[in-house]
Amino acid sequence: MQDQTPLFSGLLQHVNNNPIPFHIPGHKSGKGMEQTFKKFIGKNALAIDLINISPLDDLHHPNGMIKEAEQLAAKAFGADFTLFSVQGTSSPIMAMVLSVCQPGDKIIVPRNIHKSVTSALIFSGAVPIFVHPELDNRLGIAHGITPDSVQHAIEEHPDAKAVFVINPTYYGVAADLKKIVAIAHHHQIPVLVDEAHGVHIHFHDQLPLSAMQAGADLAATSVHKLGGSMTQSSVLNGKEGLISKERVQTVLSMLTTTSTSYLLLASLDVARKQLATQGNKLLADTIIRAEQLRERINELYYLYCPGAEILDTSATFDFDPTKILISVKQLGITGYEAEQWLRDTFKIEVELSDMYNILCIVTPGDGEQEIELLLKALKQLILSFKDQATERLIQVSTPPIPALSISPREAFYAETEQIDLSEAAGRISAESIMIYPPGIPIFIPGEIITEDSLSYIKENIEAGLPVQGLEDDKLEKIHVIKEMHAIK
């Protein structure tokens, strides 16, 4: 069954019938499109850039080819149901939170959540119970949350409606998700997983457990990131019991455009087929290639590419070897500088950079030629900067989580005023601000700004660390909740 592609095959059958379209999109298979772009995109792609006419099913109420494709995906991912998304993983993440939380409900979340989770808190009116992720002073990054921290959060807030987990992290590190799920389920609390960077892990036993394998209730999974589908195509996998499929489907539909892209939907269908039928072999080869790359990088002076040796804490339970994190701190340069140098000198684009590292991902789309070029570039990077090499110590820290005075939703809709950041202590923030590393918010909308937070921000600005989030690029002003003064 997994070698079938009902959605893609159905589109091809529709196109081969040569229908005469008197419906949108107005380019009519490219005939009404600007010719330069049409030539570049190609007639095949434009031919299946269609809308939800009757023969092609409807993503909002699937009962035909889309339903069949989603059912095949559910079997492939070990889920009770799978819902397709043409709006990346942000919409499924918001749908997860909105499906289980009503205004005023508590939800346990890691402090380093994606901005889509903050949006979901605003939309839902839920109250976040934050848990700090573990910080890594060797690499200058944040890992995940631990089972013990989840246990403690549930004991303090047994009325929480859900536990939200990022697994694996952007850097490929996984917590003991199965244990976290067991703890939450013991209290009849569902577990929601941001699996944006882990679509492939379900298909090889040398990779961390996937959310569905660990027994999580919902997982927003980016197929487009590492699973071979087109950008902006993702899935929402779920298990029924503590959550309702109908509720989740209704909420996701509310967040989804009615002009759904069949290009994206078809790419999900064929990506699922490839993962289910060839994923194990493709990933086995990719893991070997990535491990060989890691070994060769670690033979170079001044660079370090962490592997299984980092699995020595409760937050670093497993890791994805296809994520190639390269520490450049001993070269005396930042990850940002290394990224720019690789771009300018070798036309190499990395996945991300931070203060101390660059991250490269290895997928089945990479061959020996690309690997050798990266190694050549890294060797040249060392030659270019070795004269300024230094032993840099990393001390990653965050101030205590501030008290939440009002919910993020109340803060978003409240009347605000802009004041000097230096004078904001004691006021309720209407903005978020974070520092990289480790990329954890210092405060978010609704939290009380403290002197400790302001001192921490000042110290990091003086140290040259990137501070982001405020509307004011100069970091001198901040929006806070407007205070009401008595009329004299």
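Structure shown above.
Summarised in this report is the structure supplied together with it. Being a predicted model, the structure only gives us computed values, none of them experimental.

1. Quick word on the environment of T277
Here is step 1: Position of T277 among the secondary structure elements: in helix α11 (residues 262–297).
Here is step 2: Looking at T277, the relative accessible area reads 39%, which means it is partly exposed.
Here is step 3: Between the alpha carbons of T277 and D3 there is a distance of 6.6 Å; along the sequence they are 274 residues apart.
Here is step 4: Among the polar contacts made by the side chain of T277, one reaches the main-chain carbonyl oxygen of K273 at a distance of 2.7 Å.

2. Quick word on the state of the cysteines
Every disulfide links exactly two cysteines, by a covalent bond between their sulfur atoms.
Here is step 1: Using the criterion set out here, one finds zero disulfides in the structure.
Here is step 2: The thiol of C305 is unpaired, and the distance to the nearest cysteine sulfur, on C360, comes to 8.7 Å.

3. Considering the pairing of strand β12 (residues 323–327)
Here is step 1: Burial of β12 is extensive: five of the five residues sit out of reach of the surface.
Here is step 2: In β12, alternate side chains face the same way, and those of K323, L325 and S327 on one face and I324 and I326 on the other are all buried.
Here is step 3: Relative to strand β14 (residues 357–361), β12 is paired through five bridges, and the arrangement is antiparallel. Looking across to β14, one finds that K323 is bridged to I361.

4. Details of the sheet that holds strand β17 (residues 440–443)
Here is step 1: Spatially, β17-β16-β18 is the arrangement adopted by the three strands of the open sheet, whose pairing is antiparallel. Because the sheet does not close on itself, it has two edges, and the strands there are β17 and β18 (467–468).
Here is step 2: Judged from the two bridges that link them, strand β16 (residues 433–435) and β18 form a sheet pairing that is antiparallel. Paired with I435 across the two strands is V467, which belongs to β18.
Here is step 3: The sheet contacts of helix α15 (residues 451–462) involve β16, β17 and β18, and relative to β17 the element is tilted by about 130°.

5. Thoughts on the packing of helix α4 (residues 65–77) against α11
Here is step 1: Two numbers describe how α4 lies on α11: the axes approach to 10 Å, and their chain directions differ by 35°. The element α4 and its partner α11 pack so that their crossing is left-handed. Contact residues: I66, A69, L72, A73 and A76 in α4; Y262, L265, D269, R272 and A276 in α11.
Here is step 2: Across the contact of α4 with α11, the residue classes break down as eight nonpolar, no polar and two charged.

6. Comments concerning the packing of aromatic side chains
Here is step 1: Taken as a whole, this structure holds five aromatic pairs when the rule is applied.
Here is step 2: Residues Y301 and Y302 carry aromatic rings whose centres are separated by 6.3 Å and whose planes lie at 55° to one another, so their mutual orientation is tilted.
Here is step 3: Note on Y301: relative accessible area 68%, which makes it exposed.
Here is step 4: The class for Y302 is partly exposed, based on a relative accessible area of 31%.
Here is step 5: Arranged with centres 5.0 Å apart and planes meeting at 90°, the rings of F412 and Y413 form a pair that is edge-to-face.
Here is step 6: On the accessibility criterion, F412 (52% relative accessible area) is exposed.

7. A word on the sheet that holds strand β13 (residues 352–353)
Think of a sheet as strands paired side by side through backbone hydrogen bonds, with each pair either parallel or antiparallel.
Here is step 1: Strand order in the open sheet formed by three strands is β12-β14-β13, and the pairing between neighbours is antiparallel. Each edge of the open sheet carries a strand with a single partner, namely β12 and β13.
Here is step 2: Sheet topology note: the β13/β14 ladder contains two bridges and is antiparallel. Its bridge partner being in β14, S353 is matched across the sheet by I358.

8. Focus on the pattern of salt bridges
Here is step 1: Inspection of the entire model under this criterion finds 15 salt bridges.
Here is step 2: Put simply, R289 and E368 hold a salt bridge, and the shortest N to O gap is 3.7 Å. Here R289 is found in helix α11, whereas its partner E368 is found in helix α13 (residues 368–385), with 79 residues between them in sequence.

9. A closer look at the packing of helix α5 (residues 90–100) against helix α6 (residues 115–124)
Here is step 1: Where α5 meets α6, the closest approach of the two axes is 9 Å, and the angle between their N-to-C directions is 40°. The angle between α5 and α6 places the two elements in the oblique class. The chirality of how α5 crosses α6 is right-handed. Contact residues: S90, I93, M94, V97 and L98 in α5; S116, V117, S119, A120, F123 and S124 in α6.
Here is step 2: Considered class by class, the residues forming the contact of α5 with α6 number seven nonpolar, four polar and no charged.

10. A look at unusual backbone geometry
Here is step 1: The omega torsion of the bond from I24 to P25 falls at 5°, within 30 degrees of zero and hence cis.
Here is step 2: Structurally, P25 can be placed in the loop between α1 (6–16) and α2 (35–41).
Here is step 3: That bond from N167 to P168 is cis: its omega, -5°, falls within 30 degrees of zero.
Here is step 4: The residue P168 is located in the loop between β6 (163–166) and β7 (173–174) in this model.
Here is step 5: In this structure, N18 takes a positive phi of about 55° despite not being glycine.
Here is step 6: Tracing the chain through its elements places N18 in the loop between α1 and α2.
Here is step 7: Since its relative accessible area comes to 61%, N18 is described here as exposed.
Here is step 8: Here the phi dihedral of Q188 falls at roughly 60°; this positive angle occurs in a residue that is not glycine.
Here is step 9: With respect to the element layout, Q188 can be found in the loop between α8 (177–186) and β8 (191–195).
Here is step 10: For Q188, a relative accessible area of 58% puts it in the exposed group.

Analysis parameters
Residues numbered from 1 in each chain as written. Predicted model: local features only at pLDDT ≥ 70, side-chain atom pairs only at ≥ 80, totals over all residues. Heavy atoms only, no water. Helix = DSSP H or I, 4+ residues; strand = E, 2+ residues; numbered from the N terminus. Buried < 20%, exposed > 50% of the residue type's maximum accessible area, 1.4 Å probe, protein only. Polar contact = N/O pair within 3.5 Å; in protein donor to acceptor, adjacent residues only side chain to side chain. Disulfide = S-S within 2.5 Å. Pairing = 2+ DSSP bridges. Contact = heavy atoms within 4.5 Å. Axes fitted to C-alpha atoms, helices over the stretch in contact; angles between N-to-C directions. Left-handed = near helix turned anticlockwise from the far one by under 90°. Nonpolar A, V, L, I, M, F, W, Y, C, P; charged D, E, K, R; others polar. Phe/Tyr/Trp six-rings, centres within 6.5 Å; stacked < 30°, edge-to-face > 60°. Salt bridge = Lys/Arg side-chain N within 4 Å of Asp/Glu carboxyl O. Parallel < 35°, antiparallel > 145°, perpendicular 65-115°, else oblique.

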